[in-house]
Amino acid sequence: MYPYARLAWQMWKARHAPKLGLLDPHLSQHLCLPWDLDPWIELNNGRTLTLYDLGRVPMARRMGLDLVAKANGWGMTVAGNSLRYRKRVVLFDRLDMVSRCIGWDARFFYMEQSMWRGQDCTSHMLLRSAVISKAGMVPPAEVVAAMGQPAESPDLPDWVQRWIEADATRLWPPQR
């Protein structure tokens, strides 16, 4: 089940936090709970993706994206990600999460998120996201303009650009 209570808690904690610029990091704290565990008694890989949601949604609110999306009848969706796991997360580990937008192109916003236990990074994710409407994807330049932000993205890091290029070579749809 989706952790709506935890999402509400994260949104409540972020309600008085200062507004963020489009490229500013959002910091949040999380706890690995019993229902987050897999059979090996560590943070489940699918739940890791869900916990990353709990960082992105308050970040979008602090940026003002939620209000712009609501006013325009837009939604937000994940359009792809790559997640690197490096350290085991176990029951009751306290995690600091850093979520930030790193730029955009003609179709997608690109974000990176990382979870930290003390000084150790446990996982790092690159994610692309789209803003959508009933007519389809909304160009990021239109979204950024509606937010009153500069329309030009900073240059995406080389590793992100290579990920975009590599993903474009992937067969779609896959073989059945």
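Cut-offs applied
Residues numbered from 1 in each chain as written. Predicted model: local features only at pLDDT ≥ 70, side-chain atom pairs only at ≥ 80, totals over all residues. Heavy atoms only, no water. Phe/Tyr/Trp six-rings, centres within 6.5 Å; stacked < 30°, edge-to-face > 60°. Buried < 20%, exposed > 50% of the residue type's maximum accessible area, 1.4 Å probe, protein only. Lys NZ or Arg CZ within 6 Å of the ring centre and 35° of its normal.

**Observations regarding the packing of aromatic side chains**
Alright, step 1. Considering all chains together, one arrives at 5 aromatic pairs under this definition.
Alright, step 2. When the centroid spacing of 4.9 Å and the interplanar angle of 50° are considered together, the rings of Tyr-2 and Tyr-4 count as tilted.
Alright, step 3. Note on Tyr-2: relative accessible area 26%, which makes it partly exposed.
Alright, step 4. Take Tyr-4: its relative accessible area is 57%, and that puts it in the exposed class.
Alright, step 5. Aromatic side chains Trp-104 and Phe-109 sit 5.9 Å apart centroid to centroid with 50° between the ring planes, which places their arrangement in the tilted category. Both residues of the pair, Trp-104 and Phe-109, belong to the buried class.
Alright, step 6. Cluster of aromatic residues (ring-pair linked, three or more members): Phe-108, Tyr-110 and Trp-163.
Alright, step 7. One Lys or Arg, Arg-15, reaches over the ring of Trp-12 and ends 3.8 Å from the middle of that ring.
Alright, step 8. The side chain of Arg-128 reaches across the aromatic face of Phe-108, ending 5.1 Å from its centre.

None of this, on its own, says anything about what the molecule does.
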